[in-house]
Amino acid sequence: MTEVTGSEVRNPAAAVTTGWTARVTGCGSALPERRMTNHELATMVDTSDEWIAQRTGIKERRIAADGENTSDLATRAALAALKQAGISGADVDLIVLATCTPDRTMPATAVRVQAAIGMTGGIAFDVQAVCSGFVFALSVADNMIRLGQVRTAVVIGAETMSRIIDWTDRNSCVLFGDGAGAVVLRAERQEAGQPPKGILSTHLHSDGRHQDKIHTDGGTSSTQTAGKMHLEGREVFLHAVVNLAEASQEALAANGLTQADLDWVIPHQANQRIVQTLGDKLHLPKEKVVLTVDHHGNTSAASIPLALAEAVEDGRIKENDLVLMPAMGSGFTWGAALIRW
Ligand code: ACO
């Protein structure tokens, strides 16, 4: 077992200050119709509802239908976010889509979404940081808005993890689900003398020494197949709780804030015990930690925007709330985004 030392690589550049900030003006989500319960999984591999619920907090997950692709879920989530923002696809300058389960090796899934939402100009591309993908995508879009390159962005996390799961491996097949979440970001001028709103900063890390701890056994260049997923769950767990807490502290410190200032934490939803351990490390009451892993499972890049859309929809997140989104995934990749709503 590797010693867990936390992050050795630091990215001190918290935020470029140009007067532009990225405000979230809409959120949306999409889930496949089909629910797969733990009981159903127990008919497929040697497991039980009790084991899965106790070790992970997961009760059910959604599984994409035959022919339902990552871009279909992403498009539905993007359209819902655009509706909430009160704009159309034609108003969008940029799509950044995070996924490790693209429709095709090329072109990017983002351009399929671009065409589907009626966006004829601008830029669309994918980023791949697995479960940290949404925070990485948010960071890319935030920086492009800060630099004045784009005014309106759609950031999407979308996955069909069911397509890379080894359904005979009980160590991994019980953990994942499919879905998509999206946010609309719009450039706003910071008001002089007012505390900043929107994305305050993003903080990203990777450490490729851990690349084999969650991986697929295939890929376009190596095997000409997507391959199936393998993971060392306990190792991932130990690194996740350290890296999520460190990225959270890093984001707070960069903005001169403490955990007491937080209204909501929306962490990557890998395992209820990881989320609870993070909450304990940050000394947060459990009501402030948004938890959706029970009904979504781990949806990789989609997990944070799915949970965010739920917390916005049900009225938990309100204007001026301080929202922290820490993520950790295969690579390892990890990071956090801090947003003043
Ligand atoms: N049903 C029943 N038993 C199982 C199952 C299952 N589905 N899966 C594993 N087991 C068994 C194992 O074989 C092992 O048996 P053994 O002791 O006889 O060898 C036993 O349960 C304990 O296994 P552990 O790995 O020690 O169990 P742990 O408490 O660590 O929980 C889990 C495993 C749920 C995978 C946890 O480690 C975890 O959530 N890890 C992180 C999740 C992850 O890897 N996510 C991937 C994406 S990255 C991210 O999202 C952060």
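Cut-offs and rules
- Residues numbered from 1 in each chain as written.
- Predicted model: local features only at pLDDT ≥ 70, side-chain atom pairs only at ≥ 80, totals over all residues.
- Heavy atoms only, no water.
- Pairing = 2+ DSSP bridges.
- Helix = DSSP H or I, 4+ residues; strand = E, 2+ residues; numbered from the N terminus.
- Axes fitted to C-alpha atoms, helices over the stretch in contact; angles between N-to-C directions.
- Contact = heavy atoms within 4.5 Å.
- Near = heavy atom within 4 Å.
- Polar contact = N/O pair within 3.5 Å; in protein donor to acceptor, adjacent residues only side chain to side chain.
- Areas by Shrake-Rupley, 256 points an atom, 1.4 Å probe, with all protein chains shown as cover.
- Salt bridge = Lys/Arg side-chain N within 4 Å of Asp/Glu carboxyl O.
- Buried < 20%, exposed > 50% of the residue type's maximum accessible area, 1.4 Å probe, protein only.
- Parallel < 35°, antiparallel > 145°, perpendicular 65-115°, else oblique.
- Left-handed = near helix turned anticlockwise from the far one by under 90°.
- Nonpolar A, V, L, I, M, F, W, Y, C, P; charged D, E, K, R; others polar.
- Domains from an automatic or database assignment.
- Buried area = accessible area lost by both parts, 1.4 Å probe.
- UniProt positions renumbered as here; feature names shortened; annotations may be inferred.
- Core = buried A, V, L, I, M, F, W, Y, C linked by side-chain atoms within 4.5 Å.

A. The sheet that holds strand 4 (residues 94–98), seen in detail. Strands sit in the order 1-7-6-4-5 across an open sheet of 5 strands; the sheet is mixed. Of all the strands in the sheet, the pair left with one neighbour each is strand 1 (20–30) and strand 5 (123–127). The mean angle between the axes of side-by-side strands here comes to 20°, regardless of whether they run parallel or antiparallel. Strand direction decides the pairing type here: strand 1 and strand 7 (residues 178–189), joined by 10 bridges, are antiparallel. Bridging from a neighbouring strand, Cys-27 pairs with Val-183 of strand 7. Most of the contacts of helix 4 (residues 109–116) go to strand 5, to which it runs at about 145°, and overall it touches strand 4, strand 5 and strand 6 (152–160).

B. Examining the site of the ligand more closely. Of all residues adjacent to the ligand, which total 23 residues, the nearest are Thr-47, Arg-55, Gly-233, His-268 and Asn-271. Between an oxygen atom of the ligand and a side-chain N or O atom of Arg-234, the distance comes to 3.0 Å. One nitrogen or oxygen atom from the side chain of His-268 is found 2.9 Å from an oxygen atom belonging to the ligand. A total of 1000 Å² of accessible area belongs to the ligand in isolation, and the protein chains cover 77% of it. Elements with a minimum of two residues in the shell around the ligand: helix 2 (49–56), helix 6 (170–173) and helix 7 (233–254). Element by element, the count of residues in the shell around the ligand is highest for helix 7, at 4 residues.

C. Focus on the pattern of salt bridges. Applying the stated criterion across every chain, the model contains 14 salt bridges. For the salt bridge of Lys-59 with Asp-49, the shortest nitrogen-to-oxygen distance reads 3.4 Å. Placement of the pair is Lys-59 in the loop between helix 2 and strand 3 (60–63) and Asp-49 in helix 2, with a sequence separation of 10 residues. The salt bridge partner of Glu-319 is Lys-197, with a shortest N-O separation of 2.9 Å. Placement of the pair is Glu-319 in the loop between helix 10 (303–313) and strand 12 (322–329) and Lys-197 in the loop between strand 7 and strand 8 (198–206), with a sequence separation of 122 residues. Residue Glu-319 is classed as exposed on the basis of its relative accessible area, which comes to 53%.

D. Inspection of the packing of helix 3 (residues 70–85) against helix 4 at higher detail. Here helix 3 crosses helix 4 at 50°, and the two axes come no closer than 9 Å. As the angle between them shows, helix 3 and helix 4 are arranged oblique. Crossing geometry of helix 3 relative to helix 4 is assigned as right-handed. Residues Thr-70, Ser-71, Ala-74, Thr-75 and Ala-78 of helix 3 form the contact with helix 4, whose own contacting residues are Thr-109, Arg-112, Val-113 and Ala-116. Here the residues of the contact of helix 3 with helix 4 sort into 4 nonpolar, 4 polar and 1 charged.

E. Spotlight on the domain arrangement of the protein chain. What the domain assignment reports for the protein chain is domain 1 (20–189) and domain 2 (196–340). The centre of domain 1, based on its C-alpha atoms, is set 14 Å off from the matching centre of domain 2. Taken together, the contacts link 54 residues of domain 1 with 49 residues of domain 2. When domain 1 packs against domain 2, the two sides together hide about 3900 Å² of surface, and 64% of this comes from carbon and sulfur. Of all residues in domain 1, Cys-131, Val-135 and Ile-164 bury the most surface against domain 2, accounting for 16% of the area lost on that side. The interface formed by domain 1 and domain 2 contains 20 residue pairs in polar contact (both at pLDDT 80 or more).

F. Inspection of the UniProt feature "domain: Beta-ketoacyl-[acyl-carrier-protein] synthase III C-terminal" (unreviewed entry) in the protein chain at higher detail. Within the UniProt annotation, "domain: Beta-ketoacyl-[acyl-carrier-protein] synthase III C-terminal" (unreviewed entry) is assigned to residues 252–341. Taken end to end, residues 252–341 is 31% helix and 20% strand, and its two terminal C-alpha atoms sit 15 Å from one another.

G. Examining the nonpolar core more closely. Ranked by size, the top nonpolar core spans 48 residues in total, and within it Phe-176, Met-229, Leu-262, Ile-274, Leu-324 and Leu-338 carry the most contacts. Among the elements of the structure, strand 10 (229–231), helix 7, helix 8 (272–281), strand 12 and strand 13 (333–340) are those that each provide at least two residues to this core. Those residues in contact with Ile-274, other than ones at most four positions away along the chain, are Phe-237, Ala-240, Val-241 and Leu-244. The next biggest cluster of nonpolar side chains, apart from the first, holds 39 residues, and it includes Trp-20, Ala-311, Val-323 and Met-325.

H. The arrangement of the UniProt feature "active site" (unreviewed entry) in the protein chain in detail. As recorded in UniProt, the sites labelled "active site" (unreviewed entry) are Cys-131, His-268 and Asn-298. Sequence-wise these annotated residues cover 168 residues; spatially they are packed, their C-alpha atoms never more than 8.5 Å apart. Mapping His-268 onto the fold places it in the loop between strand 11 (264–265) and helix 8. For His-268, the contacting residues outside a window of four places in its chain are Cys-131, Val-275, Asn-298, Ser-300, Ser-303, Ile-304, Pro-326, Ala-327 and Met-328. With respect to the secondary-structure elements, Asn-298 resides in the loop between helix 9 (293–296) and helix 10. A relative accessible area of 5% places Asn-298 in the buried class. Among all residues touching Asn-298, those that are not within four sequence positions of it are Ile-58, Cys-131, Met-161, Leu-175, Phe-176, Gly-177, His-268, Gln-269, Ala-270 and Val-293.

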